[in-house]
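# Examination of the molecular architecture
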Amino acid sequence: MAASEADDLRVAVREFLHANSSSSRVRELMATEEGYDEVVWHKMAEQLGLHGIAVPEQYGGAGAGLRELAVVFEEMGAALLCSPFFSTVAMAIPAIIASGDEQAMTDYLPSLVDGTRTATLVLNGALDTWNSAAVTLTAQRDGDGFRVTGDAALVLDGHTADLVLVAATSGTGISLFAITADADGMTREPLATLDRTRKLARIRFEGVNARLIGDDGAAAGALARTYDLAVVALAAEQVGAAQRCLDMAVDYAKERIQFGRAIGSFQAVKHRCADMLVLVEGARSAAAHAAEVADESELAIAASVAKMACSEAFLQVALDNMRIHGGIGFTWEHNAHLYVRRAKATQLILGTPDFHAQRLADLVTI
């Protein structure tokens, strides 16, 4: 994508979110059990085609890649969009594509692209790092199909997803399965969470009928790639949110008057804003590089660098934004705390900075 095209996409998404994901609307939606607006969900698919940006054209998508999708996630992170977009577009869709199962792609991708379905992915049931040894769900063959059993404690949008994809251990290894929302034996319970703008659920599978996607026992490699792609998308989201926090802090520093001067004229505030800028730009570079190499062998390394840098930058910038706002920044009425909550939550999911630092050390010394 040319720079001008990326700019056009960014402007279009930003204007859409400005109209449909204001802070007041975010607060309204985060108080609901569903956690998102179905009308806005369909508009994103139908008017902007966001769901299918990185989906091959033969399945209704635009045939682009993670570089283009990263622009969308940046803007969504900035707006704290309440939506199952991450679980559907950053996790479920890549898992289906990575499986190489042509029939599954034909059956599932078009409805995910046009917004008539939402989806999520259970990698290990804890919304944690990908590790095939940590998969706790099991699958047993039942005639021509399979039945999945086990508990998943933390699933993004698990209580509302129309399609639940799960990694489970079958007799031959790690396999990927698809379960529809109306399947018997699946119990879904929404959870109260730190980040109220992003919904989580606990799902229990009790011999649930499931459809195998891809080859039995051969999903580990595809799921490892899916995990890295999701990590990069999350890093891009963190960059967008961190930039919004920086903008909020700078705007307030220019407007807030103390002792007859804008607080932004004080050296301590200047230095803090400068440090925030350095963190944001460093995180942006790491996330952009990871998106650039999405189709290359160094994806895992770049993904860990991005997650480590972006997690630490976002949390620090969100906290500094709250501090620069002073007392008002610590109140429920101000939006600063919403970004702190998102920052802490995204720091923990899909691997902490400490995990990715260790993973990076292991990867570069192999």
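Not measured: the values here are computed from a predicted model.

## Digging into the nonpolar core
Generally speaking, nonpolar side chains in soluble globular proteins are found buried as a group. Membership of the largest hydrophobic core comes to 78 residues, with the highest contact counts inside it found for Met44, Leu50, Phe73, Phe85, Phe86, Leu165 and Leu223. Examining the composition of this core, we find that 11 residues originate from one element, helix α7 (residues 220-255), more than from any other. Filtering out sequence-adjacent residues up to four positions away, Leu165 remains in contact with Ala92, Ala95, Ile96, Thr120, Leu121, Val122, Leu176, Phe177, Ala178 and Ile213. Of all hydrophobic cores here, the second largest spans 29 residues; its members include Leu29, Met276, Ile324 and Tyr339.

## Observations concerning the state of the cysteines
What makes a disulfide is a covalent bond joining the sulfur atoms belonging to two cysteines. Scanning the entire structure with this criterion turns up 0 disulfides. Cysteine Cys82 remains unbridged, with the sulfur of Cys245 as its closest cysteine sulfur at 15 Å.

## Some thoughts on the packing of helix α4 (residues 66-79) against helix α8 (residues 267-292)
Where α4 meets α8, the axes come as close as 8 Å, and the angle between the chain directions of the two elements is 145 degrees. As for the relative orientation of α4 and α8, their crossing is right-handed in sense. Contacts between α4 and α8 involve Leu66, Arg67, Ala70 and Glu74 from the former and Arg284, Ala291 and Glu292 from the latter. Grouping the constituent residues of the contact of α4 with α8 by class yields 3 nonpolar, no polar and 4 charged.

## Points about the environment of Arg117
Residue position: Arg117 is located in the loop between α6 (102-113) and β1 (119-122). On the basis of relative accessible area, Arg117 is assigned to the partly exposed category, the value being 23%. In this structure the C-alpha to C-alpha distance between Arg117 and Leu163, which are 46 residues apart in sequence, comes to 7.4 Å. Beyond its immediate chain neighbours, meaning those up to four positions away, Arg117 contacts Trp41, Asp107, Tyr108, Ser111, Leu112, Asp162 and Thr180.

## Remarks on the UniProt feature "domain: Acyl-CoA dehydrogenase/oxidase C-terminal" (unreviewed entry) in the protein
In this numbering, the UniProt entry assigns the feature "domain: Acyl-CoA dehydrogenase/oxidase C-terminal" (unreviewed entry) to residues 232-361. The span residues 232-361 shows a helical share of 75% and a strand share of 3%, and its end C-alpha atoms are spaced 18 Å apart.

## Regarding the UniProt feature "domain: Acyl-CoA dehydrogenase/oxidase N-terminal" (unreviewed entry) in the protein
Sequence positions flagged by UniProt for "domain: Acyl-CoA dehydrogenase/oxidase N-terminal" (unreviewed entry) are, in local numbering, residues 5-115. Measuring from the first to the last C-alpha atom of residues 5-115 gives 24 Å, for a span that is 68% helix and 0% strand.

## Side note on α4
Here α4 spans 20 Å end to end across 14 residues, near enough to the 20 Å set by a 1.5 Å rise per residue. In terms of residue burial, α4 counts as a mostly covered element, since 13 of its 14 residues are buried.

## As for the side chain of Glu237
Mapped onto the fold, Glu237 is located in helix α7. A polar atom in the side chain of Glu237 sits 2.7 Å from the side chain of Arg198. Residues contacting Glu237, with those up to four places away along its chain left out, are Phe73, Glu74, Gly77, Phe86, Arg198, Arg342 and Thr346.

## Quick look at the environment of Asn20
Looking at the secondary structure, you find Asn20 in helix α1 (residues 3-20). Judged by relative accessible area, which is 17%, Asn20 ranks as buried. Asn20 sits 169 residues away from Glu189 along the chain, and the two C-alpha atoms are 28 Å apart. Discounting residues that sit within four places of it in the chain, Asn20 has contacts with Arg25, Val40 and Lys43. A polar contact is formed between the side chain of Asn20 and the backbone oxygen of Phe16, at a distance of 2.8 Å.

Reading guide: rules and limits
Residues numbered from 1 in each chain as written. Predicted model: local features only at pLDDT ≥ 70, side-chain atom pairs only at ≥ 80, totals over all residues. Heavy atoms only, no water. Core = buried A, V, L, I, M, F, W, Y, C linked by side-chain atoms within 4.5 Å. Buried < 20%, exposed > 50% of the residue type's maximum accessible area, 1.4 Å probe, protein only. Helix = DSSP H or I, 4+ residues; strand = E, 2+ residues; numbered from the N terminus. Contact = heavy atoms within 4.5 Å. Disulfide = S-S within 2.5 Å. Axes fitted to C-alpha atoms, helices over the stretch in contact; angles between N-to-C directions. Left-handed = near helix turned anticlockwise from the far one by under 90°. Nonpolar A, V, L, I, M, F, W, Y, C, P; charged D, E, K, R; others polar. UniProt positions renumbered as here; feature names shortened; annotations may be inferred. Expected span 1.5 Å × (residues − 1). Polar contact = N/O pair within 3.5 Å; in protein donor to acceptor, adjacent residues only side chain to side chain.

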